[in-house]
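# Survey of secondary and tertiary structure
Here is what each chain is made of, one letter per residue.
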Amino acid sequence: MMRLAGTKCRDFNAASRLEWLETTGTGAFAMGTVAGLPTRRYHALLTAAFAPPAGRRVLLARAEDQFIQGAETCALAAVQYPGHLALRGYERLEEFQTNPPRWVYQCGEARLEKGLLLFPGLPAVGLRYVSSHAGALRLRPFFANRGYHALQHVDPGFRCPLEAHPPPGARFTPSEHWYRDHEYVIERERGLDFLEALWTPGFHEIALRPGEPLWFVWQLAGAPPPDPEAAWQERLRFDYTPENAEQFHAAIEEVVVPAAERVYRRRARLMGVDAL
C-alpha cells in the first residue's frame, strides 16, 4: 500500500510520476497518478474488458470535479493541454493512499475525501465523495471508446456504452462538447502520439452534506451495484495501514511465537531430542 501526506502530495514533479492501479480480476482496470493528472494513454477511470480478460477499451477517461463552498471553487482534478497545466487540484491535496485509491483535499475549512472503487467482477467504477462541511459538488465526466493502446480523435458518430448512475438529487446540465488536445506527457517523452480528444455530455451538480458520502457510478449495460457504500466498506476491511502492520507484528511476537515455541519443545521431548 502507498500512502503520502503533506507536501509530498503537492510536489507535482513527484506526484505526477507516482502511479496507482486498480483491477477487477476480470480484465477491467483503472489507472492514474497521485496528482490526478493523466500522463499516459492507459490512465483512465474505467478501462473495460469486452471479452474478459481481453478486448480492453478505455471508456471513462477522466472526471473534472470541483467542490464549491460559497464564492470559493476548489478544483480536484488536473489536466495538461499544450503549454498549459489546468485546474491543479493537487495544490490542495493533503493525503493520498491506495487500496482503494483515496485523495484528501483541504478546500477552505472543508476536508474533502474522494475515493475510487472498481466493483469486483463488474465492468463498473464508482467515485465517492464525502466532505466535513456542507458545500456542492460539480462533476463533468469525459468519455472515450477506444482500444487501450490507441488514442481518440473527434468522431461525429461517437457513442459511449456506459450508463451513468448519479446520486439521487443530482442535477444534470447538458453541455455536449469535444475537448481536444489532452496531452499525455509520458507518451510525448517516449516519442509516441500524445494528443487525444475526449467527449463530455455535460455536468452534474449536487449538494454535499457533512459526513454523508455521495456516489457517482458508471457501468456497462445493467443495473448498478446494489450498494456502492457497502462494497466500499467491505473493501476497506482489507486495507491495512503501516500502523496495522506494527500491531499485527506485536501480536505475533506476543502470542504466536511463544505458542509455537511451546509446541516445538513438546515435540522435542516426545522425540527425545534437545531441540528441533
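Our subject is the structure listed above.
Residues numbered from 1 in each chain as written. Predicted model: local features only at pLDDT ≥ 70, side-chain atom pairs only at ≥ 80, totals over all residues. Heavy atoms only, no water.

## Concerning the overall build of the protein chain
Counted only if it meets this: In DSSP terms, a helix is any run of H or I states spanning at least four residues, a strand is any run of E spanning at least two, and both are numbered starting from the N terminus. For every residue, the accessible area (1.4 Å probe, protein chains only) is compared with the maximum for its type, and the residue is labelled buried under 20%, exposed over 50%, or partly exposed between those bounds. The criterion used for residue contact is that any of the two residues' heavy atoms lie within 4.5 Å. For every accessible area listed, the method is Shrake-Rupley and the probe measures 1.4 Å; residues are considered covered only by the protein chains on display.
The secondary structure content of the protein chain amounts to five helices and 17 strands. Expressed as lengths along the three principal axes of its C-alpha atoms, the size of the protein chain is roughly 85 × 45 × 40 Å. Split into buried and exposed, the 276 residues of the protein chain put 45% on the buried side. Long-range pairs, those at least 24 residues apart, make up 62% of the contacts in the protein chain between residues at least 6 apart in sequence. Carbon and sulfur atoms make up 54% of the accessible area of the protein chain, which amounts to about 13,800 Å² in all.

## Comments concerning the pattern of salt bridges
For clarity, the threshold we go by: Here a salt bridge means any side-chain nitrogen of Lys or Arg lying within 4 Å of a carboxyl oxygen belonging to Asp or Glu.
Tallied over the entire structure, the rule returns 18 salt bridges. With a closest N to O distance of 2.6 Å, Glu-189 and Arg-17 form a salt bridge. You can see Glu-189 sitting in helix 3 (residues 185-189) and its partner Arg-17 sitting in the loop between helix 2 (12-15) and strand 2 (19-23), a full 172 residues away along the chain. Under the relative-accessibility criterion, Glu-189 is labelled partly exposed at 47%. Arg-17 gets classed as partly exposed once you look at its relative accessible area, which sits at 44%. Arg-237 is the partner of Glu-234 in a salt bridge, and the nearest nitrogen-oxygen pair spans 2.8 Å. Accessibility expressed as a relative area gives 38% for Glu-234, which makes it partly exposed. Taking the relative accessible area as the measure of exposure, Arg-237 reaches 54% and is therefore exposed. Three or more residues are tied together by salt bridges with common partners; here these are Arg-3, Glu-95 and Arg-111.

## With respect to the environment of Arg-62
As a reminder of what qualifies: For the purposes of these results, a polar contact is taken to be a pair of N or O atoms within 3.5 Å, where, inside protein, one atom must be able to donate a hydrogen and its partner to accept one; residues adjacent in sequence count only when each atom of the pair is a side-chain atom.
Along the chain, Arg-62 turns up in strand 5 (residues 54-69). Along the sequence, Arg-62 and Leu-45 sit 17 residues apart, while their C-alpha atoms lie 5.9 Å from each other. A distance of 3.1 Å separates polar atoms of two side chains, one belonging to Arg-62 and the other to His-182.

## Things to note about the pairing of strand 5
For clarity, the cut-off: A strand pair is defined by DSSP finding two or more bridges across the two strands.
As defined by bridge partners, strand 4 (residues 44-51) adjoins strand 5 across five bridges and the pair is classed as antiparallel. Each bridged residue has a counterpart across the sheet, and for Thr-47 the counterpart in strand 5 is Val-58. Where strand 4 folds back on strand 5, the antiparallel hairpin that results is connected by two residues. Relative to strand 13 (residues 135-147), strand 5 is paired through ten bridges, and the arrangement is antiparallel. Each bridged residue has a counterpart across the sheet, and for Glu-64 the counterpart in strand 13 is Arg-140. Relative to strand 6 (residues 72-75), strand 5 runs antiparallel, the two being bridged by four bridges. Along strand 6, the bridge assignment pairs Gln-69 with Glu-72. Hairpin connection of strand 5 to strand 6: two residues between the antiparallel strands, including Gly-70 at a positive phi of 65°.

## A few points about the packing of aromatic side chains
Let me state the cut-off plainly: Whether two aromatic rings pair depends on their centres lying within 6.5 Å, for rings of Phe, Tyr and Trp, where Trp uses its six-membered ring; planes under 30 degrees apart make the pair stacked, over 60 edge-to-face, and the rest tilted. Note on geometry: a ring has a charge over it if NZ (lysine) or CZ (arginine) is within 6 Å of the ring centre and within 35 degrees of the ring normal.
Counted under the stated rule, the structure contains 13 aromatic pairs. Ring plane angle 75° and centroid distance 5.8 Å describe the contact between Trp-20 and Trp-103, whose orientation is recorded as edge-to-face. Remark: Trp-103 occurs in strand 10 (residues 102-107) and Trp-20 occurs in strand 2; sequence separation between them is 83 residues. Note on Tyr-129 and Phe-216: the rings are 6.4 Å apart at their centroids and 85° apart in plane angle, and the pair reads as edge-to-face. Of the two residues, Tyr-129 sits in strand 12 (residues 124-131) while Phe-216 sits in strand 17 (residues 214-219), which places them 87 residues apart along the sequence. Overall, the relative accessible area of 0% leaves Tyr-129 in the buried class. For Phe-216, a relative accessible area of 1% corresponds to the buried category. Directly above the ring of Phe-142 sits Arg-62, whose terminal nitrogen or CZ lies 4.0 Å from the centroid.

## Quick notes on the side chain of Thr-33
Here Thr-33 is to be found in strand 3 (residues 29-33). A distance of 2.8 Å separates the side chain of Thr-33 from the backbone oxygen of Leu-37, its partner in a polar contact. Ignoring any residue separated from it by four or fewer positions in sequence, one finds Thr-33 in contact with Ala-15, Ser-16, Leu-18, Glu-19, Trp-20, Thr-39, His-43 and Trp-103.

## Observations regarding unusual backbone geometry
In this model, Pro-52 is joined to Pro-53 through a cis peptide bond whose omega is 0°. Looking at where Pro-53 falls in the secondary structure, it is placed in the loop between strand 4 and strand 5. The residue Arg-88 is not glycine, and still its phi comes out positive at about 55°. Summarising the element assignment, Arg-88 is placed in the loop between strand 8 (84-86) and strand 9 (93-97). On the basis of relative accessibility, which here comes to 34%, the residue Arg-88 falls in the partly exposed class. Of note in the backbone geometry, Asn-99 takes a positive phi value of approximately 65° without being a glycine.

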